Each structure stands twice: as C-alpha cells, then as structure tokens.
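# Results of the structural survey
Read off the chains here:
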Amino acid sequence: MTQPSTIRIFVDADACPVKDEIYRVAGRYSLPTFIVSNQWLLVPQTPLIERVVVEQGPDVADDWIAEQAGARDIVVTNDIPLAARCIASGASILRPDGRVIDEHAIGGVKAVRDLMDSLRETGVATTRNPPFSKQSRSAFLSALDTMIVRLKKRAI
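In this report, we go over the structure that sits alongside the text. In this text, all values refer to a predicted model and were calculated from it rather than measured experimentally.

## Details of the pattern of salt bridges
Scanning all chains against the criterion turns up five salt bridges. Here Arg8 ties to Asp73 by a salt bridge, and the two come within 2.8 Å at their closest N and O atoms. On the criterion of sequence distance, the pair formed by Arg8 in strand S1 (residues 8–12) and Asp73 in strand S4 (residues 73–76) is long-range, its members being 65 residues apart. Residue Arg85 pairs with Asp63 through a salt bridge whose shortest N-O separation is 2.8 Å. Here Asp63 lies in helix H2 (residues 60–68) and Arg85 lies in helix H3 (residues 80–88), a separation of 22 residues in the sequence. Exposure remark for Arg85: the relative accessible area of 37% places this residue in the partly exposed category. Taking relative accessible area as the criterion, Asp63 reaches 28% and is therefore assigned partly exposed.

And the structure:
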C-alpha cells in the first residue's frame, strides 16, 4: 500500500476514553481520523472524522486498523497484539493514558501482558485498572501533540 502524505489517526474506539480529546487535536491539525468499532458510535460531523463500523467478531476492528495503518499514522489503542501488528507496519502507537509503545517497548509490554494473563488464569492475580484520571487525559493530550509534531518533522 502506498503511504499517504498526511498523518492519519486510527482509534480502536470501542473502549477508548479519549475520543473527545482526539477529535479536538485532529481538528486543530486537520488530520483525517478513523473511529473504528464494531458498533455504531456518535462522532462529530466533520469531513476529517470517519466512523468505521466493522462486522461483529473477535479482532475484526483490529484487523481493519492493522491493514490500514502505516508509517505516517498514529494508532490509539490499549490492545497489545494490535499495537504489535501496527508497529510492524511502521505506525506510531499511543495508549489512552499517554504511554507510547514503540519497537523497543513492545517486547516488554507483551511479556507483562502474557504474565498477567497467566496469573489471572491460575487465580493468583486479578488486576483492576485504576480510574481514568485528569492526569491521564493530560498525559494523553501531551503525548499525542508531541507524536504529531515529531511525525510532521520527519516528513520535512
């Protein structure tokens, strides 16, 4: 696939807590944004934002994002397997809490995820995600802005 000349944002949207923040930043930078889910979600009526509703099924939204995202794109997700697939195609990955996952971090992130899955399966550990805070939103906005600026500079 030929890479577009503009930066695009792909959002794994079903459980994304920062969609409103993404809409604002995408509007400020005039970036095409794809809100991908397996259910109909309300999105702002602007030509920059496209709602993509995929069929029901495991990983269908992830498959669509992974097939589309490339080196000039940002993928917002908490899904580690999706992040790994998108990193392989050169996309930049940002978690809703503002943490960046890159080719250097993905191995460790996957290992922790696999370990926690194993511990939960044996009943040894259960985790509860902390409530999404104002600090998390702020960290996300800062990281998204930084990522966009970095990608724009790379294009020059």
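## Here's the deal with the packing of helix H1 (residues 19–29) against helix H5 (residues 134–155)
Interaxial distance between H1 and H5 falls to 11 Å at its minimum, and their mutual angle equals 30°. Between H1 and H5, the crossing angle belongs to the class labelled roughly parallel. Note that H1 runs across H5; the crossing there is right-handed. Residues Glu21, Ile22, Arg24, Val25, Arg28 and Tyr29 of H1 form the contact with H5, whose participating residues are Arg137, Phe140, Leu141, Leu144, Asp145, Ile148, Val149 and Lys152. The residue makeup of the contact of H1 with H5, split by class, is eight nonpolar, no polar and six charged.

What counts, and where the lines are drawn
- Residues numbered from 1 in each chain as written.
- Predicted model: local features only at pLDDT ≥ 70, side-chain atom pairs only at ≥ 80, totals over all residues.
- Heavy atoms only, no water.
- Salt bridge = Lys/Arg side-chain N within 4 Å of Asp/Glu carboxyl O.
- Helix = DSSP H or I, 4+ residues; strand = E, 2+ residues; numbered from the N terminus.
- Buried < 20%, exposed > 50% of the residue type's maximum accessible area, 1.4 Å probe, protein only.
- Axes fitted to C-alpha atoms, helices over the stretch in contact; angles between N-to-C directions.
- Parallel < 35°, antiparallel > 145°, perpendicular 65-115°, else oblique.
- Left-handed = near helix turned anticlockwise from the far one by under 90°.
- Contact = heavy atoms within 4.5 Å.
- Nonpolar A, V, L, I, M, F, W, Y, C, P; charged D, E, K, R; others polar.

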